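# A structural walkthrough
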Amino acid sequence: QVQLVESGGGLVQAGGSLRLSCAASGRTFSRNAMGWFRQAPGKEREFVAAITWSSVRYYADSVKGRFTISRDNAKNTVYLQMNSLKPEDTAVYYCAARSGALVDVTRGGEYDYWGQGTQVTVSS
């Protein structure tokens, strides 16, 4: 079993920064692929970033160069550092995990576990 809890969301002005955290349960955290997705009202859920158990990182083009995903296996936590935030980054951000291998880290349907989400609002 894996349980995920996101935190760190909030309101920030354009150009500012936030760091999201996702605390995961389980003793096999280091072998989970972890991803961040986001969903704005009226829009489809979209991929943001992912990190595999071997620490290979992937980013959506829209956040590349601004966001950084990382993980601390000792703390069973994955982070999303968000810099140079834009109003279009406003969304509910979700942490996701898969206990096994992934074919495509950008597809949400391949993840087994999801957190409840944390709201990020970027004002202009």
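As the structure is a prediction and not an experimental result, all values here were calculated from the model.

What the 4 strands build is an open sheet, ordered β1-β3-β8-β7; its pairing is antiparallel. At either margin of the open sheet sits one strand with a lone partner, and together these are β1 (4–7) and β7 (67–72). Here the strands of the sheet are splayed against their neighbours by 15 degrees on average, with no regard to which way each runs. The pairing of β7 with strand β8 (residues 77–82) spans 6 bridges and is classified as antiparallel. Note that in β8 the partner of T68 across the bridge is Q81.

Another point: unusual backbone geometry. The phi angle at N76 is positive, at roughly 50 degrees, despite the residue not being glycine. Structurally, N76 can be placed in the loop between β7 and β8. The class for N76 is partly exposed, based on a relative accessible area of 21%. The phi angle at S84 is positive, at roughly 50 degrees, despite the residue not being glycine. In this structure, S84 sits in the loop between β8 and β9 (91–98). Given the relative accessible area of 40%, S84 is considered partly exposed.

Scoring rules and cut-offs
Residues numbered from 1 in each chain as written. Predicted model: local features only at pLDDT ≥ 70, side-chain atom pairs only at ≥ 80, totals over all residues. Heavy atoms only, no water. Pairing = 2+ DSSP bridges. Helix = DSSP H or I, 4+ residues; strand = E, 2+ residues; numbered from the N terminus. Axes fitted to C-alpha atoms, helices over the stretch in contact; angles between N-to-C directions. Buried < 20%, exposed > 50% of the residue type's maximum accessible area, 1.4 Å probe, protein only.

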